[in-house]
Amino acid sequence: MTERAHAEGHAEKHAGEHAGVWSGSWVAERLGVGLAGDEALTGMLGLALRRNPKRAHLLVSNVLGKHVPQSPSVVYGHGVALGRRVRELLGAEEAERAVVLGYAETATGLGHSVADGLGPAPYLHSTRRPVAQVARAGGFEESHSHATSHLLLPEDPALLAGDGPLVLVDDEFSTGNTVLNTVRALHERYPRKRYVVVALVDMRSPADAGRLDDFAREIGARVDLVTTASGTVRLPPGVLEKGQELVARHEATATEPTGPAPDAPPAGSVERVRLRWPHDVPDGGRHGFTAAHRARLEAALPAMAARIADALPAGARRVLVLGFEELMYAPLRLAHTLEQTVGGDVDVRYSTTTRSPVLAVDDPGYAIRTRLVFPAHDDPADGPGERYAYNVAGGGFDTVVAVVDSAADTPALHAPDGLPARLAAHVPHVLLAVVPSYVPRPPHAPERPSMLPEPLRGPDFSSYAPDEVGWLLQDLSDVTLEAPTEEREEAIQSGGAHYAESLPVEYQPSEQYQDLFHAALETSAARLARAVGAVTEIVLAERSPRPVLVSLARAGTPVGVLMRRWAQFRHGLDLPHYAVSIVRGRGIDANALRWLADHHDPADVVFVDGWTGKGAITRELAAALREFEATDGITGFDPEIAVLADPGSCVRTYGTRDDFLIPSACLNSTVSGLISRTVLRADLVGPHDFHGAKFYRELAGADLSPDFLDAVAARFPDVTDTVDTQAKDLLSADRTPTWEGWAAVERISEEYGIHDVNLVKPGVGETTRVMLRRVPWKVLARTGAGADLDHVRLLAEQRGVPVEEVADLPYTCVGLIHPQYTRGATGADGKAVTL
C-alpha cells in the first residue's frame, strides 16, 4: 500500500467517534448543503456553520489537524504524500530548485509537511504576525476570511527571488482567489515559469474550474494542481441567510463548555515541560525554514518527545498535543514523534487552536462538537479578541500538551480565563511546552566574529543553578587580579588605573557581621519579596509580556534571578536571564549586546539592577546604548533600568523608592553566586571578548547566595495580594524621575569640600560598597535611621570611620570616599585599620 493510500485509510478509520455518521449530515439536513465528488470526500470533510457574514458553511477537515483532533501520523502522512507527488510531477532536478509557500493560519503545518515530502526545499509560510525588524517581501488578501491580511516575512529576501518552481499549499482549493492573488502579487516581483498549487481537497465549482488555466495563460507560466481528493459543494439559494439565522438561533440557546460544570471534579493540574528546543532552529516557516534547519530538528525530535513522554502522568491513555494558531508544524512533529515513542499504549491526537469563529453543536452529525473560548495571548497586531479550541472538551483526553511559542507565553495566557485554565477545567492534566520564537538576525550588523561564546553557567561558573542565569562574561578565575584596598584607591584617585582593571581583596565577614546579615535577611525578606513582585509586574505590564531579563553584573544578578522566580511563580513564565558587565566611564559590554541581539529581540530586553544611587549607571547605560546604535546599527534596546529600589528617583521602573537595606548589598561574591565584580583590562579583554570576572570556587563553604534567594522566594505566596495592590498603585502613579538623588549628591559634594560626585555614594547599598571595597572617609546617616544601618555602623566601627547624623538627608545614609587619599589614610584620623 502506498503512503498516500495508507494515510487516507487511516484518516477514514479515525474520522469520527461515531462510525457510520457523517459529520456533515446535521448541516446538510438543515441547509441542503451537500458534497459531490470523490468517494473519499465524506471521510476527509465534515461541515459546520461559520460565525462569519461572508460564508455560511465551513468545510471541516478530518485530516488537517486544525479543528478535529486526529492521529498525527495521519496529518503528517497526508502532507508528506502530497509533497512526494509534487516531486514526481516536477522531476528530481526541478524539485531541487523549488520553494514551498504555505498559507496562514490553517495550512502552515500542511505546507511544511509538503516541503518535507518534496525533499530539500526551503519553506516559508505567510503570517498575520508582523515582526518589526523584518522587511516585507510581499503580501496578499484572502477575501472570504475573517482575518485577511497575509504578510511574507522571509529572513533572507532572496528566498522568493529564484526562478525555480514555487509550490503553494493550502488546505482547500475552493474559489482559487487566494492562490491567484498570491501568484499575481509575487509574479510581478519575482516572475518564474512554473507554479504548483497543492491542497488536500479541490472544491472548485464548475464556474471556477477553468480560471486557473486562463490565469496561467495570462501570466505566461505553467500552473499545475495536486490534491488528495476533489469534488464540489452544493449550495442552495439563500444558504447564507439561512445559515446566519440558524447560527443566531443556536447561539441564543447554546451553553458552551468554557468552564467546568457545577458538578465537575476540581480543575486539572497545569505544569510545564521543558523541550530544550535546538538552538537556532526556527519554530516554523514564518521567516523561512531550510534543509539545514530540517536536519537539526530531525536530530532533536526524539529527545524532545521523550521529555514529553516522561512528563505524562502515569496511566495516561489518551493524549492531545494542541498547537497554537500558526504554530502547527512544531507541535505536529512533536506529536508524531511522541506517537512513535509511546507506541500503542497511548492514543495520541493532534489539533491546534484557531482564530476561526465557528458554531459548536453537540451532535455526532456535526463537525464541531464543543468549543473552548479564551482571549488572544500573543498581543496580536489587530488587537485583542477571542480564540478557540474545538473538539477538546468532551474528547476523553486525560492529558493535553499545549504547545505555544515564546511570544505567546504571556500573562494573558496564564490568566484565570487563559487557555491552560480553560483546558484544566475539562482535562485532568495540562502540560505546557514553549518553543522559542525565532528572531531573525539584524540585517545590517557590521562585520564581526560570527560566533561569540555561549553564556557561562553554573556550576562551572557561579553557584547559581544553570537555568537561573547565563553570564555573558569570560572566566578569569586563574588570573591574579586582587590588590589591597589602599593600593587600589591610591591608583584610582591618582589617575593611574581604572577601578575595573583590578579587584579588591574579598572581604571575609566576621561572625558578628554574618549574624547581622542573617538578621537583616529575616527582617526584610517579605519587604524584598514585595519589591521583587512589584517591579516584575510593572515590567510584564509595560515593557514586554515575555521580557528577556539582563542583569547588570553583579549587584543586579540576584535581583534578576528573583524577578525570574517571581514570573515563574506568579505567571508560569520561564524567562531568559543573563548577566552582563557595565563599567562606569567605559560603558556596557558591546559584545554582550551583540550576542543578545543575535539571540533575542532587543525590544524584549529589560536591564535589571539592584538599586539606584545617584543614577550614574542609569546615565552610563543610556550613553552606551546610543553609541552602540551608532556603531553597530542595532536598535531596540531600551535604556530604562528596572530596579528593586530607586531611592535616587532616577528610573520609572522600580519596586519601591524607599532606601532600605537590601541584604545582598551587605556581602560581595558570597551573596552573588561567588562571582567577582567585572573586569575590563586591555591585556585580558580583547576587542572580540566579553568582559571578565572571577569565580571564587574556594569560597563555597561561605556561600550564602542560595540562602538569600530562597529566603526571599519563600515569602512570595505571603505577599501576592499586597504585590497586586502595590503594582496597581505604581502603574497608575506618576513615576517620572525627579533626579532628587543627583541634586543631593552635588550639594553634599560641595558642602563637604569633596568636589567630585564620584566620591559620594548615596543609599544603603552604595554606602555598604564603600565600606567593603573603597577607602571610606565618613558616613552620613539620616537622623533616626534604625536597624537598616546596623551593618554599616559595625563596618564603620571596624574601619574607624565616623558616622555623622544629618537631619535633612534624602537617603537613609551616604558613604563618602576619602577625597584626598594617600596610603594609610584609611580612617578619618589617617590611621590604617586592619579588618
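Residues numbered from 1 in each chain as written. Predicted model: local features only at pLDDT ≥ 70, side-chain atom pairs only at ≥ 80, totals over all residues. Heavy atoms only, no water.

Enquirer: Explain the overall build of the protein chain to me, using residue names and the numbers behind them.
Expert: When helices and strands are counted, the protein chain shows 23 helices and 32 strands. Taken across its 835 residues, the protein chain has 59% of its residues classed as buried. Put simply, of all contacts in the protein chain between residues at least 6 apart along the chain, 78% involve residues at least 24 apart. Of the roughly 31500 Å² of accessible surface on the protein chain, 50% is carried by carbon and sulfur atoms. (Helix = DSSP H or I, 4+ residues; strand = E, 2+ residues; numbered from the N terminus. Buried < 20%, exposed > 50% of the residue type's maximum accessible area, 1.4 Å probe, protein only. Contact = heavy atoms within 4.5 Å. Areas by Shrake-Rupley, 256 points an atom, 1.4 Å probe, with all protein chains shown as cover.)

Enquirer: Talk me through the packing of helix 17 (residues 590-599) against helix 18 (residues 616-632); I want residue IDs and the actual numbers.
Expert: Between two packed helices, both the angle of their axes relative to each other and the distance between the axes serve to describe the pair. Running from amino to carboxyl end, helix 17 crosses helix 18 at an angle of 70 degrees, the nearest separation of the two axes being 11 Å. Relative to helix 18, the element helix 17 lies roughly perpendicular. Considering only the axes of helix 17 and helix 18, their crossing is right-handed. Contact with helix 17, carried on its side by Ala-590, Leu-593 and Arg-594, involves Leu-625, Phe-628 and Asp-632 of helix 18 and no other residues of that element. Here the contact of helix 17 with helix 18 is composed, by residue class, of 4 nonpolar, no polar and 2 charged. (Axes fitted to C-alpha atoms, helices over the stretch in contact; angles between N-to-C directions. Parallel < 35°, antiparallel > 145°, perpendicular 65-115°, else oblique. Left-handed = near helix turned anticlockwise from the far one by under 90°. Nonpolar A, V, L, I, M, F, W, Y, C, P; charged D, E, K, R; others polar.)

Enquirer: Talk me through the pattern of salt bridges; I want residue IDs and the actual numbers.
Expert: Tallying each qualifying case throughout the model produces 42 salt bridges. For the salt bridge of Arg-286 with Asp-283, the shortest nitrogen-to-oxygen distance reads 3.8 Å. For Arg-286, a relative accessible area of 9% corresponds to the buried category. Overlapping salt bridges bring together Asp-116, Arg-294, Glu-298 and Arg-333 as one network. (Salt bridge = Lys/Arg side-chain N within 4 Å of Asp/Glu carboxyl O.)

Enquirer: Talk me through the confidence of the model for the protein chain; I want residue IDs and the actual numbers.
Expert: Interpretation of the predicted coordinates at a detailed level should be avoided for regions scoring low in pLDDT. Mean pLDDT for the protein chain: 85, with 88% of residues reaching 70 or above. A low-confidence stretch, residues 1-17 (pLDDT under 50), is modelled with 29 contacts involving residues beyond four sequence positions or located in other chains. Confidence drops under pLDDT 50 across residues 258-265; counting only partners more than four residues distant or on other chains, this segment forms 7 contacts. (pLDDT = per-residue confidence, 0-100.)

Enquirer: Explain the nonpolar core to me, using residue names and the numbers behind them.
Expert: The biggest cluster of nonpolar side chains holds 136 residues, and the ones touching the most others in it are Leu-49, Leu-118, Val-167, Val-198, Tyr-366 and Leu-423. Residues Ala-531, Val-559, Ala-781 and Cys-813 belong to the second largest nonpolar core, which totals 73 residues. (Core = buried A, V, L, I, M, F, W, Y, C linked by side-chain atoms within 4.5 Å.)

Enquirer: Account for the side chain of His-577, with residues named and values stated.
Expert: Along the chain, His-577 falls in strand 23 (residues 577-583). Here the side chain of His-577 touches Glu-468 through a polar contact of 2.8 Å, landing on its backbone oxygen. Discounting residues that sit within four places of it in the chain, His-577 has contacts with Glu-468, Val-469, Gly-470, Leu-549, Ser-551, Thr-557, Gly-560, Val-561 and Arg-564. (Polar contact = N/O pair within 3.5 Å; in protein donor to acceptor, adjacent residues only side chain to side chain.)

Enquirer: Explain unusual backbone geometry residue by residue, including any values.
Expert: Glycine aside, a negative phi is what most residues show, and trans is what most peptide bonds show. In this structure, the amide linkage connecting Gly-458 to the following residue, Pro-459, adopts the cis form with an omega of 0 degrees. Looking at the secondary structure, you find Pro-459 in the loop between strand 17 (429-435) and strand 18 (470-471). The linkage connecting Ala-553 with the following residue, Arg-554, adopts the cis geometry, with an omega of 0 degrees. You can see Arg-554 is positioned in the loop between strand 22 (548-553) and helix 16 (556-571). A positive phi angle, near 60 degrees, is found at Asn-391, a position not held by glycine. The topology assignment puts Asn-391 in the loop between strand 15 (386-390) and strand 16 (399-405). Of the residues examined, Asn-391 reaches a relative accessible area of 12% and is grouped as buried.

Enquirer: Can you tell me about the sheet that holds strand 1 (residues 34-37), naming the residues and giving the values?
Expert: A sheet is described by the order of its strands in space; here 6 strands give the open sequence 1-10-9-8-4-5, paired in mixed fashion. Each edge of the open sheet is held by one strand with a lone partner, namely strand 1 and strand 5 (123-125). For this sheet the average axis-to-axis angle between neighbouring strands, irrespective of direction, equals 30 degrees. (Pairing = 2+ DSSP bridges.)

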